[in-house]
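Architecture at a glance
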Amino acid sequence: MKRKPFLLKKFFKAEPFFILNNISAYVAYIDANTLRYKFVNNAFIKAYNISREQIIGKHMNEILSEKNYQNAIKYISIVKKGKIATYEYYFNMHIGKRWIKVEYIPEFDINKKVCSFIVLGSDITDRKIAEEKLQKSEARYRFMVETANEGILITRHDLKIIFVNNKLASMLGYEIKELMGQRFKDLLFEEHLEDLKRKILERIQGKDATYDQYLRKKDGSKHWVTISVKAMMDNKNNYMGSFIMLTDIHARKVLEEQLKAAIKKLEVLSNVDGLTDLANRRYFDNTVSLEYDKLAKHGELLSFIMIDIDFFKGLNDYYGHLVGDDCLKQVAKALAGSVSDPTQLIARYGGEEFICMLPKTNEKDAETLAEKMRIAVEKLHISNKGSKISTYLTVSLGVVTMQCSPEQEVIELINHADKALYRAKSTGRNRVCT
C-alpha cells in the first residue's frame, strides 16, 4: 500500500499542536540524540523570523546564535541525563533582545532513555526590567542609608539588631559586624533600662517617638544622640520591630554643658565680691528679701550683725591701697571663718563694711557671734598706724534682733543694725553694741 504523503500543515492543525501553536510561550521539540528540531510553535517562528519548514530538521547550532548555543550546551547535557534543566538568558531575537526563562523537559522512550526533550521558553523581560528597577531602587536606598548623616538601626521585636549602617557603627566606635546580633539595650546605660520597658510597650502599640539620650560607646563612654524611632507593624498590626534613626548631637550637648557651667560660673561671679570672695551687696539684698518673707510668714526671729573696720581710711593713707585691699581680704576670711551655720550669710556691704544675716537667731546668740568675730579680727595682729585706739586693726560691730512681720520691711531691721554699729563706733570702737 502506498503511504500517503505527510502533510505538515495538517499535522500542526491537529490537537494538541493547535493549542501549542497559539500560546505565547516559545515551544520547540528536539531530538535528544541529533539535537535537531522536530517541532516549533508559532511564537518560536515569530521570534526568529524563520519559517517552520526552514527550522524543522535543522540542528540547534544552525538556528541559535553561536553564543546562545554554547550557553545551552551545559543545560542540554543535564536534560540528557533525564533531569529538567532551567536557566534564564538574554536572547538577541528578531523581535529584539529579550529575557527568556528556558526549561528543558526530558521525554523518555520505552527503555526509559531520553529520546527527546521539550524546550519551553517564557518571556520574562518585563519581570527582569522590574527587578532591575527594584535593584537600582534598593541600591539607591542602601546608598542613601550607608551615606546618610544619621545613624540607622533596625531591630526585631526582641530588640535584636538586624541592620546598622556605617555612620552609627563609627559614631559608637564599633565595626558593623560587632553590632549585628547585639540587643539595643546593650547600648544603654543602667539608668535607662527601666524607661526602656515603657518605650517597648509604646512600640508594641504602634507608637513612634523622638527623644534625646546618650548611648554607650564601645569604650564605655557616653555619646549623645537624638533617637527617632518608628514602630514597624505587619498587616495584622502586630509589632515586628523598630526602624531607628540616630542623629549625632554629642558636640551640641557638650557645648550646652559647657555653656551651662559657664553661666553658672558667671552667676556665681556676679554674686561674689571680687576682692574678698564674700557675697556681694546685690546678692545679699536679694537673699535677705526672700529670707525675710519666709520668716515673716511664721513670725520667726532674724538677727543682723553690721561690721565696720576701725580707722580704715587712716590705714589706707598710711600704707597705701594695696595694703588696704590685703587687709580687707584677711578680715573677710576671719569673719567668714567665724560663721559655721550654712543658713547664715556674710557679705561685703560696701567699702570696709560687712554684714551678716542670722535667720532664727536670738539676740544673745547673735551678740556672742559678733564678739567671736571681733576677737578673730583682732587676733590677726594686722598693724594699723592710722588707728587712734590700737596698734592693730580692729572692727566695730552692731547687732540687732527682731521678730519678722509682714507689716515691717527688712530694711528697717538693717537700719537698726546700722544704728547699733554707730553706737559701737561712737562709744570707743573695737566693741559690740546692740
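Note that the coordinates shown come from a computational prediction; the quantities given were computed from them, not determined experimentally. (Residues numbered from 1 in each chain as written. Predicted model: local features only at pLDDT ≥ 70, side-chain atom pairs only at ≥ 80, totals over all residues. Heavy atoms only, no water.)

Examining helix α15 (residues 363-378)
- Given a rise of 1.5 Å per residue, 16 residues ought to cover 22 Å, and the 23 Å separating the end C-alpha atoms of α15 matches this to within 8%.
- When we look at burial in α15, the residues that qualify are A366, L369, A370, M373, R374 and V377. Seen from one end, α15 has its buried residues packed into an arc of 145°, which puts them on one side.
- Contact partners of the buried residues in α15: β11 (301-309), α14 (321-338), β12 (345-350), β13 (353-359), β14 (395-403) and β15 (432-433).
- The backbone nitrogen of K364 lies 3.3 Å from a side-chain oxygen of the residue at the head of α15, namely N362. (Helix = DSSP H or I, 4+ residues; strand = E, 2+ residues; numbered from the N terminus. Expected span 1.5 Å × (residues − 1). Buried < 20%, exposed > 50% of the residue type's maximum accessible area, 1.4 Å probe, protein only. Arc of directions from axis to C-beta. Contact = heavy atoms within 4.5 Å. Polar contact = N/O pair within 3.5 Å; in protein donor to acceptor, adjacent residues only side chain to side chain.)

Things to note about the environment of A334
- Within the fold, A334 resides in helix α14.
- Its relative accessible area of 13% is what places A334 among the buried residues.
- Linking A334 and N111, residues 223 residues apart in sequence, is a C-alpha distance of 120 Å.
- Not counting chain neighbours up to four residues away, the residues in contact with A334 comprise A376, V377 and L380.

Quick look at the sheet that holds β13
- Across the sheet, five strands lie side by side as β12-β13-β11-β14-β15; this open sheet has mixed pairing. Every other strand in the sheet has two partners, leaving β12 and β15 as the edge strands with one partner each.
- Pairing analysis gives nine bridges linking β11 to β14, with the strands arranged antiparallel. Residue pairing in the sheet places I309 in a bridge with V395 of β14.
- Docked against the sheet, α14 engages β11, β12 and β13, running at close to 15° with respect to β13. (Pairing = 2+ DSSP bridges. Axes fitted to C-alpha atoms, helices over the stretch in contact; angles between N-to-C directions.)

Description of the pattern of salt bridges
- A complete count under the given rule lists 22 salt bridges for this structure.
- When the shortest N-O distance is used, the salt bridge between E256 and R252 registers 3.2 Å. One end of the pair is E256 and the other is R252, both in helix α11 (residues 250-271) and four residues apart, which spans about a single turn.
- Put simply, E256 and K253 hold a salt bridge, and the shortest N to O gap is 3.7 Å. Taken together, the residues E256 and K253, both in helix α11 and three residues apart, mark about one turn of the helix.
- Relative accessible area serves as the criterion here: at 14%, K253 is assigned to the buried category. (Salt bridge = Lys/Arg side-chain N within 4 Å of Asp/Glu carboxyl O.)

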